Amino acid sequence: MSDTKNLAIIGNPIEHSFSPAMHNYISKKMGLDYVYGAICAQECEFDNLITSLECKNYAGVNITSPFKFNAYKTADVLSEKAKKFGSVNTCVFKEGKIYGYNTDADGLYKSLLSHGVAVADKDILFIGAGGATKPAVVYFSELGAKSISIHNRTVQKAQEISDYVKKLNNYDIEIGINKNHYDLVINTTTVGMSSTIDLSPVNEISFIDENTFVYDMIYNPEKTVFLKMAEENGAKTANGLGMLIYQGIIAYELFTGVTLPDTIYNDILSDVFGK
Ligand code: ATR
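Bear in mind that the values here come from a model prediction, so they are computed numbers and not experimental data. (Residues numbered from 1 in each chain as written. Predicted model: local features only at pLDDT ≥ 70, side-chain atom pairs only at ≥ 80, totals over all residues. Heavy atoms only, no water.)

> Any chance you could break down the site of the ligand for me, citing the residues and the numbers?
Around the ligand, the neighbouring residues are Gly 128, Ala 129, Gly 130, Gly 131, Ala 132, Asn 152, Arg 153, Thr 154, Lys 157, Thr 189, Thr 190 and Val 191. The separation between an oxygen atom of the ligand and a polar main-chain atom of Gly 130 is 3.5 Å. Asn 152 is positioned with one of its side-chain polar atoms (N or O) 2.7 Å from an oxygen atom of the ligand. Burial of the ligand by the surrounding chains reaches 67%, relative to a free accessible area of 640 Å². Tallied by class, the residues present in the shell around the ligand amount to 3 nonpolar, 7 polar and 2 charged. (Near = heavy atom within 4 Å. Polar contact = N/O pair within 3.5 Å; in protein donor to acceptor, adjacent residues only side chain to side chain. Areas by Shrake-Rupley, 256 points an atom, 1.4 Å probe, with all protein chains shown as cover. Nonpolar A, V, L, I, M, F, W, Y, C, P; charged D, E, K, R; others polar.)

> So what's going on with the packing of helix α5 (residues 104-114) against helix α9 (residues 241-256)? Residues and values would help.
In contact at an axis separation of 7 Å, α5 and α9 are set at 125 degrees when each is read in the N-to-C sense. As the angle between them shows, α5 and α9 are arranged oblique. In this structure, α5 crosses over α9, and the sense of that crossing is right-handed. Residues Asp 104, Asp 106, Gly 107, Leu 108, Lys 110, Ser 111 and Ser 114 of α5 lie in contact with α9, whose contacting residues are Gly 242, Met 243, Tyr 246, Gln 247 and Ile 250. Among the residues forming the contact of α5 with α9, the class breakdown is 4 nonpolar, 5 polar and 3 charged. (Axes fitted to C-alpha atoms, helices over the stretch in contact; angles between N-to-C directions. Helix = DSSP H or I, 4+ residues; strand = E, 2+ residues; numbered from the N terminus. Parallel < 35°, antiparallel > 145°, perpendicular 65-115°, else oblique. Left-handed = near helix turned anticlockwise from the far one by under 90°. Contact = heavy atoms within 4.5 Å.)

> Please give an account of the sheet that holds strand β1 (residues 5-11) that cites residues and values.
The 6 strands are arranged β2-β1-β3-β5-β6-β4 in an open sheet whose pairing can be described as mixed. Both outer strands of the open sheet, β2 (34-40) and β4 (77-78), are each paired with one neighbouring strand and no more. Where β1 and strand β3 (residues 58-63) come together, 5 bridges link them in parallel fashion. Along β3, the bridge assignment pairs Ile 10 with Ile 63. Against the sheet, helix α1 (residues 19-30) contacts β1, β2 and β3, and its axis sits at roughly 170 degrees relative to β2. Packing against the sheet, α9 makes contact with β1, β2, β3, β5 (90-94) and β6 (97-101), and its axis sits at approximately 10 degrees to β5. (Pairing = 2+ DSSP bridges.)

Here it is, written out as structure tokens:
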């Protein structure tokens, strides 16, 4: 068998993922012998697939939609965060065991920090209650957010996250948009990309002002309609590219055990994304 170790992202669909380009760039830059591919899987084959990868010389895989809960259920050993979030986006294979991690919330947090935005003591609004929301809400509730609100088209899904966090650490999440001002607003919905590129997840944004920081997890387009509206209200904004890069850097370190230099973020930004 060759010495080259395999890595991959598993999801469906998967063809638009930037992860192969990002991870292969890091390996080349660091002179490490890993090759990162993309695997488009079906739900019915997920368990067999993931348990077969270590003997095919895979060091680990990233997991994306719709398999993060499947990976959570399949992992033999869960990190503290993966356990709390009920979701796994990074699996490491070691000695016949699957170790499950979740780097999404850390990626978001690091991206916010890079913009000088703190979480502690802030009034925070999440728009959306899909798979990307729960890890961030759980994490931010533990980082000392003053308040967390969730606004979602399907209220029941926001309520489920609220109930989950209440049970986990007795933190009260507010449902809906009830404040005149939020310090931090994060769009986790898919509204603003692909077929909804001309839409904003909310039309009335009087709760966003010049003292609000607005983050959109969407990075394509670079500036969503929602971010443009927020900027018209004087807010500072950022898209989700930073989150994508940071969660990838953390995952790469888990796969390889190598600590990457701080400069790697800017290297990826310029050499992979041309920014
Ligand atoms: P992901 O795993 O990427 O978070 P998801 O779980 O499908 O994706 O969640 C998508 C989010 O975008 C949800 O909050 C969804 O709202 P619903 O829970 O009501 O489905 C939101 N969303 C998607 N399309 C939307 C639309 N046209 N208007 C408003 N919200 C939308």
